[in-house]
Amino acid sequence: MNPTGPGGWAGRNPLHGMGGPIAGSAHGLCPPGSLAHRRTVSPPGTRHTALSMSLATYTMVDVDALFAIELEPEVRDWLETLPAKHFLKIDEYVGLLAERAAGLGEPYARHLGDGIRELRPTLDGAAIRITYWLTPNRTAVLLTVFRKTRMREDAEVGRAKLAQKVCEAEHGPAHEEFVRIIEKGEAER
């Protein structure tokens, strides 16, 4: 997915913030050319014909329905160290998570059990896993991050489950915003 093209995340960067329904985002901003961007202005007295469409054919996304994204410190610290091109790829995956949440499946995400899931990006050939859980109040909390090295990462899954329990029991919603500015040309380096 191209972050600046139609369907991209330019203008509503899910990693731009954490807190509200994606703090720092442009609520209501849809990619150019999307159905929500089109307006028809007709002269007075013009007759319009209604067109009936099946919901199975067209799906409209309610931007307000996006999940908020929150980061645990481990994930925030990791994001700060990523090269720009890797950060942008992770941003695409998190954008899909914000949009699709529970419905996001392979190859982008996978359910690990006990409410824990993982995002599954590949960065320069390395399989990276970012664990997360979905709260009842429409928030996806990114818990831990690791490089996949084995067929079954039981220790890492256990660490994510512990992080989720601590997160749920010890602190409420995030109230700080994560912002990372990518300068023009930085992603090509």
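Structure: see above.
Residues numbered from 1 in each chain as written. Predicted model: local features only at pLDDT ≥ 70, side-chain atom pairs only at ≥ 80, totals over all residues. Heavy atoms only, no water.

K.L.:
Could you give me a rundown of the overall build of the protein chain, with the residues and numbers involved?
P.N.:
When helices and strands are counted, the protein chain shows three helices and six strands. Sequence-ordered secondary structure for the protein chain, helices as α and strands as β, is β-α-α-β-β-β-β-β-α. Considering only residue pairs separated by 6 or more positions, the protein chain has 58% of its internal contacts joining residues 24 or more positions apart. A total accessible area of about 11,400 Å² is found for the protein chain, and carbon and sulfur atoms account for 53% of it. (Helix = DSSP H or I, 4+ residues; strand = E, 2+ residues; numbered from the N terminus. Contact = heavy atoms within 4.5 Å. Areas by Shrake-Rupley, 256 points an atom, 1.4 Å probe, with all protein chains shown as cover.)

K.L.:
Describe the side chain of R117, listing the residues and the values that go with them.
P.N.:
Counting through the fold element by element, R117 comes out in strand 3 (residues 116-119). Separated by 3.4 Å, the side chain of R117 and the backbone oxygen of A102 make a polar contact. (Polar contact = N/O pair within 3.5 Å; in protein donor to acceptor, adjacent residues only side chain to side chain.)

K.L.:
Go over the pairing of strand 5 (residues 126-134) with me, naming the residues and quoting the values.
P.N.:
Of all nine residues in strand 5, eight are buried, a share of seventy percent or more. Bridge count between strand 4 (residues 122-123) and strand 5: two bridges; the pairing is antiparallel. Counterpart to T122 in the pairing with strand 5 is A127. Hairpin connection of strand 4 to strand 5: two residues between the antiparallel strands, including D124 at a positive phi of 50°. (Buried < 20%, exposed > 50% of the residue type's maximum accessible area, 1.4 Å probe, protein only. Pairing = 2+ DSSP bridges.)

K.L.:
An account of the nonpolar core is requested, with residue identities and associated values reported.
P.N.:
By size, the foremost hydrophobic cluster in this structure holds 28 residues, and its most contacted members are W78, L79, L97, L119, I130 and L142. Secondary structure elements with two or more residues in this core: strand 1 (68-71), helix 1 (73-81), helix 2 (84-100), strand 5 and strand 6 (139-147). In terms of residue count, helix 2 provides more of this core than any other element does, seven residues in total. In this structure, I116, W133, A163 and C167 belong to the second largest nonpolar core, which totals seven residues. (Core = buried A, V, L, I, M, F, W, Y, C linked by side-chain atoms within 4.5 Å.)

K.L.:
A description of the pairing of strand 1 should follow, citing residues and the corresponding values.
P.N.:
Alternating positions in strand 1 separate into two faces, A68 and E70 on one and I69 and L71 on the other, with burial throughout. Note: strand 1 against strand 6, four bridges, orientation parallel. Looking at the pairing, L71 lines up with L142 of strand 6.

K.L.:
Please provide a residue-by-residue account of the pattern of salt bridges, values included.
P.N.:
Counted according to the given criterion, the structure contains nine salt bridges. Between R76 and D77 there is a salt bridge, and its shortest N-O distance comes to 3.4 Å. In this structure D77 comes out as partly exposed when scored by relative accessible area, which is 39%. A cluster of three or more residues bridged by salt bridges with shared partners is formed by E74, E156 and R159. (Salt bridge = Lys/Arg side-chain N within 4 Å of Asp/Glu carboxyl O.)

K.L.:
An account of unusual backbone geometry is requested, with residue identities and associated values reported.
P.N.:
Across the chain, the bulk of peptide bonds are trans and the bulk of non-glycine residues have phi less than zero. Going from E106 to P107, the amide bond is cis rather than trans, its omega being 15°. Among the secondary structure elements, P107 is positioned in the loop between helix 2 and strand 2 (109-113). Even without being glycine, A101 reaches a positive phi, approximately 40°. Take A101: its relative accessible area is 3%, and that puts it in the buried class.

K.L.:
So what's going on with the environment of V145? Which residues, and what values?
P.N.:
As for its placement among the helices and strands, V145 is situated in strand 6. Taking the relative accessible area as the measure of exposure, V145 reaches 11% and is therefore buried. In this structure, the C-alpha to C-alpha distance between V145 and E74, residues 71 residues apart in sequence, is 7.3 Å. Ignoring sequence-local partners within four residues, the contact set of V145 consists of E74, V75, W78, I128, R129, I130 and R159.

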